[in-house]
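So you can see what is in the structure, the chains are spelled out below.
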Amino acid sequence: MSGLVAGIDSSTQSCKVVIRDAETGALLRSGHAPHPPGTEVDPTTWWDALGRAIADAGGLDGVDAVAVGAQQHGMVCLDADGEVVRPALLWNDTRSAPQAAELVAELGDGHPARGAAAWAEAVGSVPVAAFTVTKLRWLAEHEPDSMARTAAVCLPHDWLTWRLAGNRDLRELHTDRGDASGTGYWSPAAGAYRLDLLKMACGGTPALPRVLAPAERAGEIARMPVPTAGGAGALLGPGTGDNAAAALGLAAGPGDVVISIGTSGTVFAVCTSPTADPSGIIAGFADASGHFLPLVCTLNAAGVLTAAATLLGVGLDRIDELPLTARPGAGGLTLLPYLAGERTPNRPDATAELHGLTSANATPENLARAAVEGMLCGLADGLDAIVAEGVSVRRVLLIGGGAKSASVRQIAPSVLGLPVDVPEPGEYVADGAARQAAWVLAGGPTPPVWKLGETSRYEGDPRPEIRARYNAVRDAAA
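Treat the numbers as computed from the prediction; the structure is a model and nothing was measured. (Residues numbered from 1 in each chain as written. Predicted model: local features only at pLDDT ≥ 70, side-chain atom pairs only at ≥ 80, totals over all residues. Heavy atoms only, no water.)

Looking at this model, I keep getting lost on the overall build of the protein. Mind explaining?
Along its length, the protein carries 15 helices and 23 strands. Taking 2.2 N^0.38 as the reference for a compact globule, 478 residues should give roughly 23 Å; the C-alpha atoms of the protein span a radius of gyration of 22 Å, in line with that estimate. Summarising its shape, the C-alpha atoms of the protein cover approximately 65 × 55 × 40 Å along the three principal directions. For the protein, with 478 residues in total, the buried portion stands at 58%. For the protein, long-range pairs separated by at least 24 residues make up 72% of all intrachain contacts whose partners lie at least 6 apart in sequence. One finds the centroid of the 35 positive side-chain charges in the protein at a distance of 2 Å from the centroid of its 52 negative side-chain charges. (Helix = DSSP H or I, 4+ residues; strand = E, 2+ residues; numbered from the N terminus. Rg over C-alpha atoms; globule rule 2.2 N^0.38 Å. Buried < 20%, exposed > 50% of the residue type's maximum accessible area, 1.4 Å probe, protein only. Contact = heavy atoms within 4.5 Å. Lys, Arg positive; Asp, Glu negative; His and termini not counted. Charge placed at Lys NZ, Arg CZ, Asp CG, Glu CD.)

Looking at this structure, how should I read unusual backbone geometry?
Glycine aside, negative phi is the norm for most residues, and most peptide bonds take the trans geometry. Cis rather than trans, the peptide bond between Thr 344 and Pro 345 has omega equal to 0 degrees. Among the structural elements, Pro 345 can be located in the loop between strand S19 (334-336) and strand S20 (353-355). Backbone geometry places Asp 109, a non-glycine residue, at a positive phi of 55 degrees. Residue position: Asp 109 is located in the loop between helix H2 (97-107) and helix H3 (112-123). In this structure Asp 109 comes out as exposed when scored by relative accessible area, which is 65%. Even without a glycine there, the phi angle at Ala 330 is positive, about 55 degrees. Position of Ala 330 relative to the elements: it lies in the loop between helix H11 (316-321) and S19.

I tried to follow the pairing of strand S18 (residues 292-298) on my own but got confused; where do I start?
A regular strand places its side chains on the two faces of the sheet in alternate fashion. Burial within S18 is extensive, with 7 of its 7 residues counted as buried. Burial of S18 is two-sided: the residues Phe 292, Pro 294, Val 296 and Thr 298 facing one way and the residues Leu 293, Leu 295 and Cys 297 facing the other way are all buried. Here strand S16 (residues 265-269) runs beside S18; their pairing, made up of 4 bridges, is antiparallel. Following the sheet pairing, Gly 265 is matched in S18 by Thr 298. Taken together, the 4 bridges between strand S17 (residues 283-286) and S18 define a ladder with antiparallel strand orientation. Paired with Ala 283 across the strands is Leu 295, a residue of S18. Between the antiparallel neighbours S17 and S18 lie 5 residues, among them Gly 290 with a positive phi of about 110 degrees. (Pairing = 2+ DSSP bridges.)

Explain the environment of Ala 207 here, please?
By secondary structure assignment, the location of Ala 207 is in the loop between helix H8 (195-202) and strand S12 (210-212). Each C-alpha atom, one on Ala 207 and one on Trp 159, is 13 Å from the other, the two residues being 48 residues apart in sequence. Here Ala 207 is in contact with Ala 151, Ala 152 and Val 153, once residues within four sequence places are set aside.

Is there a simple way to explain a nonpolar patch on the surface in this structure?
Taken together, the side chains of Val 387, Val 393 and Leu 418 present a nonpolar region at the surface, about 200 Å² in accessible area. Mapped onto the secondary structure, Leu 418 falls in the loop between helix H13 (406-416) and strand S22 (420-423). Accessibility expressed as a relative area gives 34% for Leu 418, which makes it partly exposed. (Patch = residues over 30% accessible without salt bridge, like charges linked within 9 Å, V, L, I, M, F, W, Y side chains within 5 Å. Areas by Shrake-Rupley, 256 points an atom, 1.4 Å probe, with all protein chains shown as cover. Salt bridge = Lys/Arg side-chain N within 4 Å of Asp/Glu carboxyl O.)

Honestly, the pattern of salt bridges in this entry has me stumped. Any pointers?
Proximity of charged atoms lets side chains of opposite charge pair with each other. The tally for this structure, following the rule as stated, stands at 25 salt bridges. The salt bridge partner of Asp 421 is Arg 457, with a shortest N-O separation of 2.8 Å. Linking Asp 421 in strand S22 with Arg 457 in strand S23 (residues 455-458), this pair joins segments that are 36 residues apart in sequence. A salt bridge links Asp 475 to Arg 474; the shortest N-O distance between them is 2.9 Å. Look at Asp 475 and you get partly exposed, because its relative accessible area is 46%. Overall, Arg 474 belongs to the buried group, its relative accessible area being 15%. Here the salt bridges do not stand alone but share partners, grouping Glu 40, Arg 86, Asp 93, Arg 95 and Glu 143 into one network.

Would you explain the side chain of Arg 474 in this entry?
Mapped onto the fold, Arg 474 is located in helix H15 (residues 464-476). Of the polar contacts made by the side chain of Arg 474, one reaches the side chain of Asp 475; its length is 2.9 Å. With residues up to four places along the chain from it excluded, the contact list for Arg 474 reads Leu 336, Tyr 338, Arg 347 and Asp 381. (Polar contact = N/O pair within 3.5 Å; in protein donor to acceptor, adjacent residues only side chain to side chain.)

Just to check I follow, could you spell out the packing of aromatic side chains for this structure?
Describing an aromatic ring pair means giving the distance of the ring centres and the angle of the ring planes. Counted under the stated rule, the structure contains 3 aromatic pairs. Where Phe 131 meets Phe 285, the ring centres are 6.1 Å apart and the plane angle is 40 degrees; that geometry is what we call tilted. One end of the pair, Phe 131, is in the loop between H3 and helix H4 (132-142); the other, Phe 285, is in strand S17, and 154 residues separate them in sequence. With respect to class, Phe 131 is no different from Phe 285; both count as buried. A cation over an aromatic ring shows up here: Arg 163 above the ring of Trp 47, its NZ or CZ 4.4 Å from the ring centre. The ring of Phe 292 has Arg 177 sitting right over it, with the charged end atom 5.1 Å from the ring centre. (Phe/Tyr/Trp six-rings, centres within 6.5 Å; stacked < 30°, edge-to-face > 60°. Lys NZ or Arg CZ within 6 Å of the ring centre and 35° of its normal.)

Written out as structure tokens, the structure is:
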């Protein structure tokens, strides 16, 4: 198989584009453009950023296939003419937390525990504020006119793929099983939409994207945000959500657990059978290869390190150094890092708390280490939940912007209680989208095998006392 492929990562903070050799996966060029901040964003800003990122990558001339990976859950509402009804509510917008609780209770006839079990059985997950289904309930309750105008609902990657195909017909919206599984109205186990749950949420059944198979074509590029950037006629892959794309970019298989430290923190594993966790801790998603992707998400990840740097009045480089000059346990300091509320555990209105501060341990070094340990403890809770669900752990892969930190890499094994493997830094979401594009281009039952970069292993003595102190603080704050 010869040719070039492009992978797009339209994430919360920015758009990245990578162009790779379809056969070997060799990186040829790349581009980047920022997204605006906020939890409510006009989708046209993603389109504009995509154009700038493509231009930064030198255009798409010679590219034979393209796929889009993007942030999950975001609610993009379209009217009958294909126009955006209102700014998209993103995964990290927590305003629909009351509606999430309403939906859970309603499916249980007023009993939340019964409702949680029913949701888990129906769609593999218990709705929280991040999920699209809860945002639609919020829209129906707070903006009924917008809900009435909504003829179709899609996700960020669906909308970008649809725009690239030059479509205005809502019947030509496409998605994939990985991203569909994060809506709250598609069942990974059944491989089908639950229109009854959609109607329960918003009072109607707006059109939904058709769910494509992992390597099924979504059309061809007919429109570009930068008309002179080439790419016309390139095949379009189905695309997927960011975590499923990252798993594909890492060539993760059964037994691999990936911990990604970015705007959000995620812990996910590739499995051959679906999961259904009635506690709601694990979201029972699908992946982009035909398997399943049980996932735990925290709202607070790399931003905890940024906040610590701001609080201490230092740069991120110092936050990378300071924690390693403090002893494990940060002298008794424990940070509960709920700076943006929290999704796991489900505490959308929570705030961060610092415990154990004394005149003896009040040092920049201890505060910096407490920030790293607190963030990792939240992710360790996710790893515990995945293991408790019966998922076998062959190795733990640490990726994301936060994984570039030397202090995070060195402290992680002690907090997680397991060695961690850190791949070479890369744009794994965009890489996964590029690998999907190569799969679409080549056809066949499996994605192409690309040589991955070197992986470094980090080991350390487990420090259960750090987790024990964190758990006590977490539980007391419930």
